[in-house]
Protein chains: 2
Amino acid sequence: MTSTDPPPRHTRQRAAVSAIMTTLDEFRTAQDVHAELRQRGEAIGLATVYRTLARMAADGEVDSIRTPEGVAAYRRCSAGHHHHLVCRECGRTVEITPPDLEAWTEQVGREFGFTHLDHELELFGRCPDCG
Amino acid sequence: MTSTDPPPRHTRQRAAVSAIMTTLDEFRTAQDVHAELRQRGEAIGLATVYRTLARMAADGEVDSIRTPEGVAAYRRCSAGHHHHLVCRECGRTVEITPPDLEAWTEQVGREFGFTHLDHELELFGRCPDCG
DNA sequence: ATTGTCATGAGAACCATTATCAAGTAGCGG
DNA sequence: CCGCTACTTGATAATGGTTCTCATGACAAT
Ligand SMILES: [Mn+2]
Ligand SMILES: [Mn+2]
Ligand SMILES: [Zn+2]
Ligand SMILES: [Zn+2]
């Protein structure tokens, strides 16, 4: 359980992905990130972007959600657990913290005998700029 | 905006999907439903199952969620808006209603100027039977 | 029964994601 | 530095869920 995975190696590709994620304020798919990196002249493979984002998410360096269409999207993550209000049009995101959700999840889990609880909450809408 | 879509026609295939959904207590994917129908001797195409479930979901006859892996799953739906606690192993489901979530969603939307709000909340865990 | 419209389904197409695996490279010990 | 080894990369193929195509069949209103 305390198995320590080796830390990721520092490569040009990983640095590029990490860098671009700090500049983006919206949830972006792996394909989006790959296209944007290419746009900026970075030489990087699509598979590498997928792998890097998946690993960064596993390591807590970025948040990952699934859009209502089922595709994975990533965004740089502020410290601590939180949820999101996401614009369906442009991906603009606001971090939110619903009161009592964590405690309520635990309570409901106990009530029905469920263990290994996790919860997913995202709000979707249209932001002011997208009318 | 008040456009009335023509009601679905009554066909053997639609009846079969509708019938099986009333007997299932767990979220099932379109592929699951198709396999189960074939098992029971029903002649029905996979595309038809996909179309029928999508339409039933749009018409509010079944609930649809996406598993953490991103695949769509369907389940017969009790009246009224609600959310779910789903067993990751067997799909067993409990309907839940978090207090104040609807009102909180509206409040957060107003606060940030988002419109056309929607929210997605699902709890996942392991049910008593699945240890 | 006629007829216009909608539903069906086998297979192809689509598309996000993951697997392959040979070639490259980071990082460590010497 | 050097060299070794394990990790990373990326072009490409493979996977798998979902949707599209379109010819054929079935519903239902007249
Ligand atoms: Mn939370
Ligand atoms: Mn709700
Ligand atoms: Zn927007
Ligand atoms: Zn279970």
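Our subject is the structure listed above.
Residues numbered from 1 in each chain as written. Chains lettered and ligands numbered in written order. Predicted model: local features only at pLDDT ≥ 70, side-chain atom pairs only at ≥ 80, totals over all residues. Heavy atoms only, no water.

Q: Looking at this structure, I do not really get the coordination of the manganese ion (ligand 2). What am I missing?
A: The expected angle between donors at a tetrahedral four-coordinate metal is 109.5 degrees. At an octahedral six-coordinate metal it is 90 or 180 degrees. Residues and elements named next belong to chain B. Around the manganese ion (ligand 2), the protein contributes the donor atoms His81 (NE2), His83 (NE2), Glu102 (OE) and His119 (NE2), which lie 1.8 to 2.2 Å from the metal centre. Look at where the donors of the manganese ion (ligand 2) fall in the sequence and you get H-x1-H-x18-E-x16-H. Here the residue Glu102 occupies a position in helix H4 (residues 101–112), and His119 occupies one in strand S6 (residues 115–126), the gap between them amounting to 17 residues. Judged by its relative accessible area of 35%, Glu102 is partly exposed. For His119, a relative accessible area of 9% corresponds to the buried category. (Donors = N, O, S within 2.8 Å, 3.2 Å for Na, K, Ca; no water. Helix = DSSP H or I, 4+ residues; strand = E, 2+ residues; numbered from the N terminus. Buried < 20%, exposed > 50% of the residue type's maximum accessible area, 1.4 Å probe, protein only.)

Q: What is the right way to read the coordination of the zinc ion (ligand 3) from this model?
A: Residue and element names in this part refer to chain A. Ligation of the zinc ion (ligand 3) by protein atoms is provided by Cys87 (SG), Cys90 (SG), Cys127 (SG) and Cys130 (SG), these donors lying 2.2 to 2.4 Å from the ion. Around the zinc ion (ligand 3), the 4 donor atoms sit at angles spanning 104 to 114°, and that spread fits a shape best called tetrahedral. Mapped onto the sequence, the donors of the zinc ion (ligand 3) take the spacing C-x2-C-x36-C-x2-C. Of this pair, Cys87 sits in strand S4 (residues 83–87) while Cys130 sits in the segment after strand S6 (115–126); the two residues are 43 residues apart in sequence, bridging distant segments of the chain. (Tetrahedral: all angles 85-135°; square planar, octahedral: opposite > 155°, others 65-115°.)

Q: Could you clarify how one ought to interpret the interface of chain A and chain B in this entry?
A: How big an interface is tends to be stated in terms of the accessible area lost upon association of its parts. Listed by partner, the interface residues are 36 residues for chain A and 37 residues for chain B. Between chain A and chain B, roughly 2,900 Å² of surface is buried when both sides are summed, and carbon and sulfur atoms account for 66% of that area. Of all residues in chain A, Trp104(A), Phe114(A) and Glu120(A) give up the largest surface area on contact with chain B, accounting jointly for 23% of the area buried on that side. The interface formed by chain A and chain B includes 0 salt bridges. Counting across the interface, chain A meets chain B through 10 residue pairs in polar contact (both at pLDDT 80 or more). When residues of the side of chain A that touches chain B are assigned to their parent elements, the largest contribution, 12 residues, is made by S6(A). Grouping the constituent residues of the side of chain A that touches chain B by class yields 19 nonpolar, 9 polar and 8 charged. Of the strand pairs in this sheet, S6(A) and S6(B) are connected by 9 bridges, and their pairing is antiparallel. Counted as the bridge partner of Leu121(A) is Leu121(B) from S6(B). (Contact = heavy atoms within 4.5 Å. Buried area = accessible area lost by both parts, 1.4 Å probe. Salt bridge = Lys/Arg side-chain N within 4 Å of Asp/Glu carboxyl O. Polar contact = N/O pair within 3.5 Å; in protein donor to acceptor, adjacent residues only side chain to side chain. Nonpolar A, V, L, I, M, F, W, Y, C, P; charged D, E, K, R; others polar. Pairing = 2+ DSSP bridges.)

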